[in-house]
Amino acid sequence: MKAAVWYGEKDVRVEEREVRSVQAGQVKIKVEYAGICGSDLHAYHHGVGIQEGQEHPLSHQKAPLTLGHEFAGTIVELGENVSGINVGQRVVVEPLYHCGVCEYCLHGQYNQCVDFGFVGLNSDGGFADYVVVEAYMAHQIPDEVSFEEGALVEPTAVAMHAVRHSSLKVGQKVVVYGAGPIGLLTVLCAKAAGASQIFAVDVFDERLDLAAKLGAIPVNSAKVNATEVISQQSGGIDIAFEAAGVQPTMDSAVSIVKKGGQVVVIAAISKPLQVDFFQLLVKEATITATLAYRHIFPEIISLIAAGALDVKQVITRKIKLDDIVEQGLELLLSDKSHAKILVKIGD
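All residue numbers here refer to positions counted from 1 along the written sequence of the relevant chain. With pLDDT at 70 or above as the cut-off, local features in this predicted model cover only qualifying residues; side-chain atom pairs require 80 or more to be listed or tallied, and sums for whole chains, interfaces and linings still use all residues. Excluding hydrogens and water, the side-chain values take into account all heavy atoms of the structure.

### Focus on the overall build of the protein
- The helix and strand inventory of the protein stands at 12 helices and 18 strands.
- Here the globule rule is a power law, 2.2 Å times the number of residues to the power 0.38, and the radius of gyration is based on C-alpha atoms. Here the C-alpha radius of gyration of the protein, 20 Å, is about what a compact globule of 347 residues would show, namely 20 Å.
- Each of the three principal axes of the protein carries a C-alpha extent, and together these read 60 × 45 × 40 Å.
- Burial classes: relative accessible area under 20% of the type maximum marks a residue as buried, over 50% as exposed, and values in between as partly exposed (1.4 Å probe, protein chains only). A total of 347 residues make up the protein; the buried ones form 54% of that total.
- In the protein, the share of contacts with a sequence separation of at least 24, taken over all contacts with a separation of at least 6, comes to 71%.
- A total of about 14900 Å² of accessible surface is found on the protein, and carbon and sulfur atoms cover 49% of it.
- Across the protein, the centroid of the 28 positively charged side chains sits 5 Å from that of the 41 negatively charged ones. Strands are runs of DSSP state E lasting at least two residues, helices are runs of H or I lasting at least four, and both sets are numbered from the N terminus onward. Two residues form a contact once any of their heavy atoms are found within 4.5 Å. Note on areas: these come from Shrake-Rupley sampling with a 1.4 Å probe, and a residue is covered only by the protein chains present in the view. We count Lys and Arg on the positive side and Asp and Glu on the negative side, and we leave His and both chain ends out. Charge positions are represented by NZ for Lys, CZ for Arg, CG for Asp and CD for Glu.

### Some words on the sheet that holds strand S2 (residues 11-16)
- Pairing between two strands is assigned when DSSP locates at least 2 bridges connecting them. On the basis of which strands lie adjacent, the open sheet formed by three strands has the order S2-S1-S4 and antiparallel pairing. Looking at the sheet topology across the chains shown, the edges are occupied by S2 and strand S4 (65-66).
- In this sheet, S4 lies alongside strand S1 (residues 2-8) in antiparallel orientation, the contact comprising two bridges. By the bridge assignment, tryptophan 6 is partnered in S4 with leucine 65.

### Points about helix H8 (residues 247-256)
- Within H8 the residues assigned to the buried category are Thr249, Met250, Ser252, Ala253, Val254 and Ile256.
- Among the structural elements, strand S11 (173-177), helix H7 (226-234), strand S14 (237-242), strand S15 (257-265), helix H9 (277-283) and strand S16 (286-289) are those in contact with the buried residues of H8.

### Let's talk about the pattern of salt bridges
- Any carboxyl oxygen of Asp or Glu within 4 Å of a side-chain nitrogen of Lys or Arg constitutes a salt bridge here. Enumeration according to the criterion identifies 15 salt bridges in this entry.
- In this structure, the salt-bridge partner of glutamate 32 is lysine 344, at a minimum N-O distance of 3.5 Å. Highlighted residues: glutamate 32 in strand S3 (residues 26-35) and lysine 344 in strand S18 (residues 340-344), separated in sequence by 312 residues.
- Salt bridges sharing partners connect three or more residues here, namely Arg17, Arg20 and Asp124.

### Observations concerning the packing of aromatic side chains
- In summary, the pairing rule links any two rings of Phe, Tyr or Trp, Trp by its six-membered ring, whose centres are within 6.5 Å, and it sorts them by plane angle into stacked for under 30 degrees, edge-to-face for over 60 and tilted for everything else. Tallied over the full model, the rule gives two aromatic pairs.
- The interplanar angle of 90° and the centroid separation of 5.4 Å between the aromatic rings of phenylalanine 116 and phenylalanine 118 together place this pair among those described as edge-to-face.
- The class for phenylalanine 116 is partly exposed, based on a relative accessible area of 24%.
- Judged by relative accessible area, phenylalanine 118 falls into the buried class, the value being 15%.
- With a centroid separation of 5.2 Å and 55° between ring planes, the pair formed by tyrosine 293 and phenylalanine 297 is classed as tilted. We note that tyrosine 293, like phenylalanine 297, is buried.
- Directly above the ring of tyrosine 7 sits arginine 13, whose terminal nitrogen or CZ lies 3.8 Å from the centroid.
- One Lys or Arg, arginine 90, reaches over the ring of phenylalanine 147 and ends 4.4 Å from the middle of that ring. In this scheme, the term charge over a ring applies when either NZ of a lysine or CZ of an arginine sits within 6 Å of the ring centre and within 35 degrees of the ring normal.

### Thoughts on unusual backbone geometry
- With an omega dihedral of 5°, the bond running from alanine 63 to proline 64 counts as a cis peptide bond.
- Along the chain, the position of proline 64 falls in the loop between helix H1 (38-46) and S4.
- Phi is positive for alanine 292, which is not a glycine, with a value near 55°.
- Mapped onto the fold, alanine 292 is located in the loop between S16 and helix H10 (297-305).

Rendered as structure tokens:
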């Protein structure tokens, strides 16, 4: 099969690979569409997050690995002891490895598993004609959900988990810092959850134009004082979602929330940031953070099927697997007009 394989920093090769055999408790999926995630960019540009050295304790794999964890396709083979899913079913993959026996898994918090891992970073992923994953990762999608939409279930789950983890109530006002794919999907999810006013803050007008199309009020923090502008227009922000992960946006998020408000950190922050806890103290505000998602894929699939989450709006380009480096991994770093680039796998 053809696959986009990570060998090292700035070294992803589209090449022929053997399809892994299906073991007990696993399924093989013919991939149709896969999305490029920020984690894929970190792996390609900086070598961050990819499984090197020792094998992962659950996947038993290490680099070189096929990238990709946002994907949808069709079940083509079942391993032994797999039930509740059949060959021919259309599925999306919830790409989290979890042991099922640690303290966190036993309490249902499997995204906190001590051996937590990701398909596409800790095992071979979805930028390939076929992928073999654990059967528990596969979620069936109805005919109303296209494979393109299916490839967006995973990043939408990240955004909705943050919204559900927050204290957001219907009618409250929110701001989203960072209008990349996760920030844009957070706008959609906050809107679906009943936020009455949503601001989007970024330094790129191209991204803010996309946010505006999704129903957010765009604010370019490189051109105006975002905190002042938002305070004047909103009268106070209840929830600030931090999806940028840099010091200026963290400062703004803490400053903008009103008394009793909340800051929710979604971004994968690569460098330690300072937080003004005195402001949180005098406001009796809270700060929290989320990691990936848990117990949410069925709801995301249902919302997309019902038309309550029009995730297609964040797709800005579709490319072929052969072009994933030049028109995907490289382009996303230089062209800020793009949000989610999908890779069409196969013909």
